[in-house]
Amino acid sequence: MLCLPPPASPILPPSCLPPNSANFGGTREAGDDVGYNIPAIMEYLQDLNPQQQQAVTAGLGPILVLAGPGSGKTRVLTQRIAYLIGSLGVRPYQILAVTFTNKAAREMEHRVMDLLGGETQGLSLGTFHANCARILRREAEAMPFNANFVIYDTDDQLSLVKNAIKDLNLDEKYFRPAGVHAAISNAKNELLLPDDYPITNYRDETVATVYRRYQESLLANNALDFDDLLLWTAFLLEESPAAREKYARRYEHVLVDEFQDTNMAQYILLKHLASFHHNIFVVGDVDQSIYRWRGADYRNVLRFERDFPDTQTILLEQNYRSTQSILDVAMAVIDRNPQRARKQLFTERGMGEKVRLIETEDDQEEAALVVEKIASQVLKKTAQPGDFAVMYRTNAQSRLLEEAFLKSGIPHKLVGAQRFYGRREVKDVVAYLRLVHNPQDEISLTRVINTPARGIGNKTVITLRTLAQQTKQSPGMLLLALGQDPDSIPGSQSLGRGFQSLCKFGTLLAGWKAQINALSPMGLMDRILTDTDYHEYLDDGSEEGQERWENVIELRRLAADFAEKGLTAFLEQVALVSDQDTLDASGNAATLLTLHAAKGLEFPVVFIVGLAQGTLPHSRSLEDPEEMQEERRLLYVGITRAKDRLILVYSRRRNLFGYYEPVEPSEFLDDIPDELLTRTGASMVIPRQRSVGLFSAQRWQPSSADEALPMVQRFQPGQRVEHGIWGEGMVLNSRLQDDDEVVDIFFESVGLKRVAASLAKLTII
DNA sequence: ATGGACAATGTTTTT
DNA sequence: CATTGTCCAT
């Protein structure tokens, strides 16, 4: 499958010396080398506990750091890099550090920079996916795609699978694209090619067929999916000794964060990369493995010890983040998982406040309660909005919360890339850029060929596709040719009326393509937006159209940073942003995020909501013990994000499918000993009568700490506000009245108006 | 070719 | 319920 040409001779920098050469005599102690920055490093080491120090200054060879939550794992990792460079004189160029999110990578880079000043030039620090993309672009000669490949996101992947299923005349009911795609993705993560796909029945056979076709389409589009980035790189290193040696020699030290979340492809990749120097330093915690569904296998930790028998294992157990009360709850939850080495988490921070468990009547009340608790703290000035995080199992749960936050006026932010990059208008513009960058990308072509409408209907597209097939080229290339010289295309008459429109679009595309090197990504984007009248297309006079255009402008702003790095880098960044990456610490706002997105973060006060059977643990996990263990780990991750206070919330009923349904509290709650919790009913907080009688007797205890909370006044005199219809105005007065806020506003357009904050669509400017 | 109306269908987590 | 897809009328 992989066809590699004869290996090019590896280019090795002069400093790429094998182990045990003059550069490294073996294990050495901190500071016994002539480095540049020893005093600074040594000083810093004093702030580390003995285990952390041991990890940072460990000698050569494989190192496994088992790090509990809040144990200073990132610190050890960054400090280790600084130590290698600053004290051992390793050149940054020879260090590879891999993380799972761009955010983690950025943070690490920052910290290393802080430690070393400018000595980090050339350091390879990035996500698995980004590092692989870089290698693959560099080695594209040896690969069945070329260097300007695009990276398909989940939607693109799904369309490709759908097309394959359609082409093969399969029943979409039985072969659901999402399911088939998941199967393909799993296979890829296990490094199984279509030919290796294990077949035991008709379904497997069909999946393998779809897989084969899917893979062919990707190549035809000069595209790679997320899994391909890992898969192709792993295969490159596996099949080409020259390539393997090149990278394995170069990376004298390989460091890996969140090692428990690696999948087979990543594991093999790491093994190859470390195959020359064997200096592989991995940090992880099996209890925080929460990406099984993505192929992650925490058993890679065990595999590591087996594959590298001389591994030095270091345990970090002291927690510097949470109070003991929080850690006790965390341990109570996680200890129920079988087959796990019991870890004793401890802290010197003291017990702190007890963890609270609150029951509410329904999910709406749950959201209201969380927001009101936050509001009361903020009003009392005992905490700021930025101190709080609200965590939930599924993204859908964010909605009620967001509504509640909006109503209260407490600043909040929602973590999630989908919110921006998933928008239609953003995807459109990105598709234009991708198409110019790589005209073979048919998914992007299909997306934009008639957006905005330019008289190229379905029929015309199909004819174009057939014609392309006949002339053995991609539709995009044909379109380009058509734009440059319409007469040169045989059979173009068959296009009929659409011909003119196609030529016109082809000319546009060719024009953009000609400018690709002359213009910055932003410049190119501007040209495209002008040439397609994209603004006019979006601007239908509605508020939504306005919003969409603003999103385009936001994308433009993001592109502005890529004048130097270029279009490829921009598109890659767009493809590889994660939800976590969209989180910025700036702005004093409460954070709403999924438990998955919460990994690696910490907050003074954490709410975990929706602790109900079917939600957490999720209903789709209930039957599978392995998945149940993962749900438990997920809760564990959430709990251990909290520094000072943790509030667990569940409701007795929730709105599901539009129906009001009773739900059981999460079974995980049963595992927390009663004495570790303060249990509270919600009736004292929520001024709603009907709630009271419904609380179960043994759980509901009034607590004096829960006084009724005031509604929060959102508007202040003097504020400028925007109204959906009346435009801008100034708040003259505002008061709370009957569960609502009454605001007097003077509008430029209509003069003085009195509005109810809950009804009028008001935004503060 | 385009847009609107209706029906079905499906709801984890994300690089 | 909310999104997505399909069909139908213009």
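These lines cover the structure that appears in this document, whether it is placed above or below.

Looking now at the overall build of chain A. Counting its regular elements, chain A contains 27 helices and 23 strands. The long-range share in chain A, meaning contacts at least 24 apart out of those at least 6 apart in sequence, stands at 74%. On chain A, roughly 33,900 Å² of surface is accessible, and the fraction owed to carbon and sulfur atoms is 51%.

Attention shifts here to the side chain of Thr594. With respect to the helices and strands, Thr594 occurs in strand β14 (residues 590-594). Once you skip the residues sitting within four places of it in the chain, Thr594 turns out to touch Tyr392, Arg393, Thr394 and Asn395.

This part is about the pattern of salt bridges. For the coordinates displayed, the defined rule picks out 42 salt bridges. Here Lys73 makes a salt bridge to Asp257, at a shortest N to O gap of 3.2 Å. Of this pair, Lys73 sits in helix α3 (residues 73-86) while Asp257 sits in the loop between β6 (253-256) and α11 (264-273); the two residues are 184 residues apart in sequence, bridging distant segments of the chain. No difference in accessibility class separates Lys73 from Asp257, as the two residues are buried. Across the salt bridge formed by Asp671 and Arg632, the nearest N and O atoms sit 2.9 Å from each other.

Counting buried positions over the eight residues of strand β11 (residues 355-362) gives eight, a clear majority of the element. Pairing of β11 with strand β16 (residues 642-656) involves six bridges; the strand directions are parallel. Counterpart to Thr360 in the pairing with β16 is Ser651.

The element strand β12 (residues 388-392) is largely enclosed, with a buried count of five among its five residues. Burial along β12 is two-sided: Phe388, Val390 and Tyr392 and Ala389 and Met391, pointing in opposite directions, are all buried. Judged from the four bridges that link them, β12 and strand β15 (residues 603-608) form a sheet pairing that is parallel. Bridge assignment links Val390 to a residue of β15, and that residue is Phe607.

Right, let's get into a nonpolar patch on the surface. On the surface, a cluster of nonpolar side chains totalling about 270 Å² of accessible area is made up of Met730, Leu732 and Phe746. Residue placement: Phe746 occurs in strand β21 (residues 740-747). Residue class for Phe746 comes out partly exposed when judged on its relative accessible area of 44%.

On to helix α25 (residues 566-576). For α25, the buried fraction is high: eight of the 11 residues fall into the buried class. Considered for burial, the residues of α25 that qualify are Gly566, Leu567, Phe570, Leu571, Glu572, Val574, Ala575 and Leu576.

As a further point, take unusual backbone geometry. Looking along the chain, the bond that leaves Thr451 and enters Pro452 is cis, with omega of -5°. In this model, Leu616 is joined to Pro617 through a cis peptide bond whose omega is 5°. Examined against the element boundaries, Pro617 turns out to sit in the loop between β15 and α27 (625-639). Positioned with a positive phi, Asp533 is a non-glycine residue whose angle comes to about 55°. Along the chain, Asp533 falls in the loop between α22 (521-531) and α23 (534-538).

Here six strands make up an open sheet; going across it, the order is β3-β2-β6-β7-β1-β8 and the pairing parallel. The sheet is open, and its two edges are formed by β3 (124-127) and β8 (312-316), each paired on a single side. Neighbour-to-neighbour, the strand axes of the sheet open up by a mean angle of 15°, direction not taken into account. Here strand β1 (residues 63-67) pairs with strand β7 (residues 280-284) via four bridges, running parallel. Directly across from Leu64, in β7, lies its bridge partner Val282. Seen against the sheet, helix α12 (residues 300-307) touches β1, β7 and β8 and runs at an angle of roughly 150° to β1.

The next point concerns empty space enclosed by the protein. Summed over the entire model, instances satisfying the criterion amount to five cavities of 30 Å³ or more. In terms of lining, the largest cavity is formed by Leu96, Val98, Phe128, Asn131, Cys132, Arg134, Ile135, Arg138, Tyr251, Leu269, Leu270 and Leu273. Of all the secondary-structure elements, those providing two or more residues to the lining of the largest cavity are β2 (95-99), α5 (128-138) and α11. Among the elements that take part in the lining of the largest cavity, α5 stands out by supplying six residues, more than any other. Grouping the constituent residues of the lining of the largest cavity by class yields nine nonpolar, one polar and two charged.

Attention shifts here to the packing of helix α6 (residues 154-167) against helix α8 (residues 202-220). With their axes 9 Å apart at the nearest point, α6 and α8 run at an angle of 125° to one another. Put simply, α6 runs oblique to α8. In terms of crossing hand, the pair formed by α6 and α8 is right-handed. Across the interface between the two elements, Gln157, Leu160, Val161, Ala164, Ile165 and Asp167 from α6 touch Val210, Arg213, Tyr214, Ser217 and Leu218 from α8. The class makeup of the residues in the contact of α6 with α8 is seven nonpolar, two polar and two charged.

Glancing now at the packing of aromatic side chains. Overall, the coordinates contain 15 aromatic pairs when judged by the stated rule. Between Phe145 and Phe149, the aromatic rings sit 5.4 Å apart at their centres with planes inclined by 80°, giving edge-to-face as the arrangement. Judged by relative accessible area, which is 0%, Phe149 ranks as buried. Taking the centre distance of 5.3 Å and the plane angle of 55° together, the rings of Tyr534 and Tyr537 count as tilted. Placement of both Tyr534 and Tyr537 in helix α23 is noted, with a separation of three residues, approximately one turn of the helix. Under the relative-accessibility criterion, Tyr534 is labelled buried at 1%. An aromatic cluster is built from Phe259, Tyr267, Phe304 and Phe308, whose rings are joined through pairwise contacts. The ring of Tyr93 carries the charged tip of Arg250 above its face, separated from the ring centre by 4.0 Å. The ring of Tyr291 has Arg294 sitting right over it, with the charged end atom 4.3 Å from the ring centre.

The next subject is the environment of Thr57. With respect to the helices and strands, the residue Thr57 is situated in the loop between α2 (50-56) and β1. In the structure, Thr57 is positioned 300 residues away from Leu357 in sequence and 42 Å away in space, judged by C-alpha atoms. A distance of 2.8 Å separates a polar atom in the side chain of Thr57 from the backbone oxygen of Gln53.

Here is what the cut-offs are and how they apply
Residues numbered from 1 in each chain as written. Chains lettered and ligands numbered in written order. Predicted model: local features only at pLDDT ≥ 70, side-chain atom pairs only at ≥ 80, totals over all residues. Heavy atoms only, no water. Helix = DSSP H or I, 4+ residues; strand = E, 2+ residues; numbered from the N terminus. Contact = heavy atoms within 4.5 Å. Areas by Shrake-Rupley, 256 points an atom, 1.4 Å probe, with all protein chains shown as cover. Salt bridge = Lys/Arg side-chain N within 4 Å of Asp/Glu carboxyl O. Buried < 20%, exposed > 50% of the residue type's maximum accessible area, 1.4 Å probe, protein only. Pairing = 2+ DSSP bridges. Patch = residues over 30% accessible without salt bridge, like charges linked within 9 Å, V, L, I, M, F, W, Y side chains within 5 Å. Axes fitted to C-alpha atoms, helices over the stretch in contact; angles between N-to-C directions. 1 Å grid on protein atoms, 1.4 Å probe; cavity = no way out; pocket = protein on both sides within 12 Å on 5 of 7 lines; lining within 4 Å. Points joined across faces, edges and corners; volume = space filled by probe spheres on them. Nonpolar A, V, L, I, M, F, W, Y, C, P; charged D, E, K, R; others polar. Parallel < 35°, antiparallel > 145°, perpendicular 65-115°, else oblique. Left-handed = near helix turned anticlockwise from the far one by under 90°. Phe/Tyr/Trp six-rings, centres within 6.5 Å; stacked < 30°, edge-to-face > 60°. Lys NZ or Arg CZ within 6 Å of the ring centre and 35° of its normal. Polar contact = N/O pair within 3.5 Å; in protein donor to acceptor, adjacent residues only side chain to side chain.

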